[in-house]
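Single-letter residue listing:
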Amino acid sequence: MGSITLEHVNKTFGGHQVIPDVSLDIKDGEFVVFVGPSGCGKSTLLRLIAGLEDTTSGAIKLDGVDVTDKGPAHRGLAMVFQSYALYPHMTVRQNIAFPLKMANIDKAIAEQKVADAARVLNLTDYLDRKPRALSGGQRQRVAIGRAIVRQPKAFLFDEPLSNLDAALRVNMRIEITELHQQLKTTMVYVTHDQVEAMTMADRIVVLNAGRVEQFGTPLELYKSPANRFVAGFIGSPKMNFLEGAAAGKYQAEAIGVRPEHIRLSRDAGEWQGRVGVAEHLGSDTFLHVHVDGAGLHTVRTGGEDDYHPGEQVWLSPDPNRIYRFDRAGQALR
Amino acid sequence: MARAVSTRRKLTMTVLVWLVALIVFFPILYTIITSLKTEGEAAAGFSMIPSFTFESYAAVLDQQDYFRPFFNSVIISIGSTLVALLIAVPAAWAMAFTPTPRTRDVLMWMLSTKMMPAAGVLVPMYLIFLNTGLLDTLLGLSIILTLVNLPIVVWMLYTYFKEIPVDILEAARMDGATLGKELVYVLLPMAVPGIASTLLLNVILAWNEAFWTLRLSTDDAAPLTAFIASFSSPQGQFLAKLSAASVLAILPILLLGWFSQKQLVRGLTFGAVK
């Protein structure tokens, strides 16, 4: 079991309020991702759950039990750090066994558990190596192994993939998702990468300046963002925003259109513009179009479409997929 | 062509390094040479060639008990180092891993005690030792050496601990380690090179400390510094005997330094080269 409840959690560092007031309810077995730009407080929030930081006010409950004043050693959670944080003086075997040693688990049982974890994570051949003799991906797996042996109530991941190269990151993303499907244990995962958030999460918490902007499933956030921040943060490439007359036509202060919801034409349309940079990815083409009087906008179009820089084009938004926002940036429905 | 230049440069560097090393080592070398002369040769003026006599050593060991000051030196230098480490490890841990805005000030304040001339507090310290019965005791000398070297020990350990990523200690906490276990299983094993070189350096400093040990001991607790000093008599200088006594006093620490030089160099340059 591993439900995590945050009630009006507040964190202040030396007079500076990092987390003003966060309440969250993470269900048992859920994969929740905290996402937001750097400095939004997502790592701090995770560290508060871990017990590595003290809450200034509010309560944190695990399975309904208040653990706010308990240290990290007594919360029964496991954490995977961005830097892996392996013990450099211990072998892989000793690293993975460390939490069991701290819990005074019988040696024979511990050995069995380490062997099991190593098999799941393809580390059996590396058990007697020191961390420095491993590759980045293997170190990451050792860190995960160390987390799973103790069967914690929940796993906490603090940007675990940001030190890996792009190809490995995609692999590890899938491995962690599969691990969640196998273990069915609650996972809280912090990242600044919205693609990781969208692909891995059951539900996403979008954070901005310590506030929860929205908490919902990936598709909820994509389809009905609560405000302009979420709309701009979720989705790749980013949503285009228009203000002034273009927005006034839709009775809004600002409107947003996703690059994939714009139709492109050489002859006619709503907004006229000139193609700046064309990014050909093969499967798609992203065109950066200078729209007259409305700045630069991104349009997603077919991979084989052949538009050239400097070409005049017309843009037409899909009328059913226009997001409208009021002056405060809240979505109008 | 490039190879020729680099060979010449290497040669120049080698010669320079040897030259510097020789200059640094010369006083010790000359002490050793003088200790192997007769008193007559030693008084005759500068000469690098001794007659290789051990008569001064025999005379020194005959006149004075060597082993008592030797063991006194061992006890106070190792004792004061261990006590200093015991105090400095938690202090450095706290300052390195849970710093406050005032941590740097505290560190500076500790170091500032080393900037003060020791003679300035000689009288009050002497009176304190006199009144507490610590004068001329091994305990008293160990205490004063601990106090004298503590700032350096804290600073060195602080520097080493700063190099250890705090993530690793936090990982240990998440893995269920209490503070004690975190120190014993994670921090200390990772800091072994740093702690070892701190220990070595502090033993050397304590061994060589002469200002306080000479003034706060007379006989019972007198270490090797006093042993040397006893051969510098007002009736006239016996340079060969004085040199022999000096060699006997520095020999143990010279050997220790020789065998642990790898560790010492590694410790002193820790963090400087990544």
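It should be emphasised that the depicted structure is a prediction, and the values quoted were computed from it without experimental measurement. (Residues numbered from 1 in each chain as written. Chains lettered and ligands numbered in written order. Predicted model: local features only at pLDDT ≥ 70, side-chain atom pairs only at ≥ 80, totals over all residues.)

K.L.:
Quick question: what am I supposed to make of the overall build of chain B here?
P.N.:
When its secondary structure is counted, chain B shows 14 helices and zero strands. Of the regular secondary structure in chain B, the N- to C-terminal order runs α-α-α-α-α-α-α-α-α-α-α-α-α-α. If you line up chain B on its principal axes, its C-alpha atoms span 75 × 70 × 30 Å. Within chain B, the proportion of its 274 residues that are buried is 34%. Summarising the internal contacts of chain B: among those between residues at least 6 apart in sequence, 76% fall at separations of at least 24. (Helix = DSSP H or I, 4+ residues; strand = E, 2+ residues; numbered from the N terminus. Buried ≥ 20, exposed ≤ 12 C-beta atoms within 10 Å, placed from the backbone. Contact = placed C-beta atoms within 7 Å.)

K.L.:
When you look at the overall build of chain A in this model, what are you seeing that I'm missing?
P.N.:
Each helix and strand in chain A was counted, giving nine helices and 19 strands. Each of the three principal axes of chain A carries a C-alpha extent, and together these read 75 × 45 × 35 Å. Counting all 333 residues of chain A, 42% fall into the buried class. Looking at chain A alone, contacts between residues at least 24 apart form 63% of all its contacts between residues at least 6 apart.

K.L.:
Can you walk me through the sheet that holds strand S18 (residues 323-325) of chain A in this structure?
P.N.:
For sheets, the rule is that strands pair by backbone hydrogen bonds, running either parallel or antiparallel. Strand order in the open sheet formed by four strands is S11-S12-S18-S19 (chain A), with antiparallel pairing between adjacent strands. Each edge of the open sheet carries a strand with a single partner, namely strand S11 (240-243) and strand S19 (331-332) of chain A. (Pairing = 2+ DSSP bridges.)

K.L.:
Teacher, can you tell me more about helix H9 (residues 179-190) of chain B here?
P.N.:
Three- or four-residue spacings in an α-helix give side chains the same orientation, since the helix completes a turn every 3.6 residues. Residues and elements named next belong to chain B. With twelve residues, H9 ought to run about 16 Å at 1.5 Å a step, and its terminal C-alpha atoms sit 15 Å apart, in line with that. Taken as a whole, H9 has its buried residues at Glu182, Tyr185, Val186, Leu187 and Met190. Each buried residue of H9 lies within a common arc of 150° when the element is viewed along its axis, so the set occupies one face. Residues of H9 that are exposed and angled more than 90 degrees away from the buried face: Gly180 and Val184. (Expected span 1.5 Å × (residues − 1). Arc of directions from axis to C-beta.)

K.L.:
Quick question: what am I supposed to make of the sheet that holds strand S13 (residues 262-265) of chain A here?
P.N.:
Residue and element names in this part refer to chain A. Sheet architecture is open: five strands sit in the order S13-S17-S14-S15-S16, paired in antiparallel fashion. Both edges of this open sheet fall to S13 and strand S16 (295-302), since each of them pairs with a single strand only. Strand-to-strand twist across the sheet, computed as the mean angle between neighbouring axes with direction ignored, equals 45°. (Axes fitted to C-alpha atoms, helices over the stretch in contact; angles between N-to-C directions.)

K.L.:
Just to check I follow, could you spell out the nonpolar core for this structure?
P.N.:
A general trend in soluble globular proteins is that nonpolar side chains are found buried together. Membership of the largest hydrophobic core comes to 151 residues, with the highest contact counts inside it found for Met79, Leu156 and Val188 of chain A together with Ala92 and Leu157 of chain B. For this core, the leading source of residues is helix H7 (residues 138-162) of chain B, giving twelve residues. Setting aside chain neighbours within four positions, we find Val188 of chain A in contact with Ile4, Ile26, Val32, Phe34, Leu46, Ile49, Ala154 and Leu156 of chain A. (Core = buried A, V, L, I, M, F, W, Y, C linked by C-beta atoms within 7 Å.)

K.L.:
I would appreciate a short explanation of the interface of chain A and chain B in the present structure.
P.N.:
Where interface size is given, it is often the accessible area lost as the parts come together that is meant. Contacts between chain A and chain B engage 19 residues on the former and 15 residues on the latter. Put simply, the parts of the chain that give the side of chain A that touches chain B at least two residues each are strand S6 (77-80) and helix H2 (92-102) of chain A. Of the residues belonging to the side of chain A that touches chain B, the class tally is 15 nonpolar, three polar and one charged. (Nonpolar A, V, L, I, M, F, W, Y, C, P; charged D, E, K, R; others polar.)

K.L.:
What is the right way to read the pairing of strand S9 (residues 203-208) of chain A from this model?
P.N.:
Side-chain positions along a regular strand alternate between the two faces of the sheet. Residues and elements named next belong to chain A. In the sheet, strand S3 (residues 31-35) pairs with S9 via four bridges, with the strands oriented parallel. By the bridge assignment, Val32 is partnered in S9 with Arg203. Direction of pairing for S9 relative to strand S10 (residues 211-216): antiparallel, over a ladder of five bridges. Pairing of Val205 across the sheet is with Phe215, part of S10. Linking S9 back to S10 in an antiparallel pair, the connection comprises two residues, with Ala209 at a positive phi of about 50°.

K.L.:
In this structure, what is going on with helix H3 (residues 107-120) of chain A? I would like to understand it.
P.N.:
All names here are of chain A. Taking 1.5 Å per residue, 14 residues should reach 20 Å; H3 reaches 20 Å between its end C-alpha atoms and fits that length. Those residues of H3 that fall on the buried side of the exposure criterion are Ala110, Lys113, Val114, Ala117 and Ala118. The buried residues of H3 occupy an angular sector of 135° when the element is viewed end-on, so they sit on one face. Among the exposed residues of H3, those pointing more than 90 degrees away from its buried face are Ala108, Ile109, Gln112 and Arg119. Looking at the packing, one finds that the buried side of H3 touches H2 and helix H4 (136-148). Positioned one or two residues after H3, Asn122 has a phi angle of 55°, which is positive.

K.L.:
For this particular structure, what's the right way to read the pairing of S16 of chain A?
P.N.:
All names here are of chain A. In the sheet, strand S15 (residues 284-291) pairs with S16 via eight bridges, with the strands oriented antiparallel. Bridge pairing in S16 links Leu287 to Val299. Taking the residues between adjacent antiparallel strands as the criterion, S15 and S16 are bridged by three residues, where Gly293 takes a positive phi near 75°.

K.L.:
Whenever I open this one, the confidence of the model for chain B confuses me. Can you help?
P.N.:
Keep in mind that low pLDDT regions are not for reading the predicted coordinates in detail. In the predicted model, chain B carries a mean pLDDT of 88, and the fraction of residues at 70 or more is 94%. With pTM at 0.81, the complex prediction returns an ipTM value of 0.86. (pLDDT = per-residue confidence, 0-100.)

K.L.:
Please clarify how the environment of Asp25 of chain A should be interpreted in this entry.
P.N.:
All names here are of chain A. Among the structural elements, Asp25 can be located in strand S2 (residues 16-26). Asp25 sits in the partly exposed class, given 13 other C-beta atoms within 10 Å. In the structure, Asp25 is positioned 20 residues away from Thr5 in sequence and 4.7 Å away in space, judged by C-alpha atoms.

K.L.:
What should I look at first to understand the packing of H7 of chain B against helix H10 (residues 192-208) of chain B in this one?
P.N.:
The relative placement of two packed helices comes down to the angle between their axes together with the axis-to-axis distance. Residues and elements named next belong to chain B. Interhelical geometry of H7 versus H10 gives an angle of 155° and a closest axis separation of 10 Å. Relative to H10, H7 is oriented roughly antiparallel. Where H7 crosses over H10, the two elements pack in a sense that is right-handed. In contact with Leu145, Asn149, Val153, Met156, Leu157 and Tyr160 of H7, H10 contributes Gly194, Thr198, Asn202, Leu205 and Ala206. Split into classes, the residues belonging to the contact of H7 with H10 amount to seven nonpolar, four polar and no charged. (Parallel < 35°, antiparallel > 145°, perpendicular 65-115°, else oblique. Left-handed = near helix turned anticlockwise from the far one by under 90°.)

K.L.:
Looking at this structure, I do not really get the packing of helix H5 (residues 103-112) of chain B against H7 of chain B. What am I missing?
P.N.:
Residues and elements named next belong to chain B. Across the interface, H5 lies against H7 with an axial gap of 8 Å and an inter-helix angle of 140°. Of the two possible hands of crossing, H5 and H7 adopt the one that is left-handed. In contact with Leu107, Met110 and Leu111 of H5, H7 contributes Pro151, Val154, Trp155 and Tyr158. Of the residues in the contact of H5 with H7, the class split is seven nonpolar, no polar and no charged.

K.L.:
Please clarify how the environment of Thr285 of chain A should be interpreted in this entry.
P.N.:
Here Thr285 of chain A is to be found in strand S15. Taking the C-alpha atoms as reference points, Thr285 of chain A and Tyr323 of chain A, 38 residues apart in sequence, are found 23 Å from one another.

K.L.:
Quick question: what am I supposed to make of the environment of Leu214 of chain B here?
P.N.:
Residues and elements named next belong to chain B. You can see Leu214 is positioned in helix H11 (residues 211-215). Under the C-beta neighbour-count criterion, Leu214 is labelled partly exposed, with 15 such atoms within 10 Å. Counting along the chain gives 36 residues from Leu214 to Ile250, while the straight-line C-alpha distance between them is 16 Å. Not counting the four nearest positions on each side in its chain, Leu214 is found in contact with Thr225, Ala226 and Ala229.

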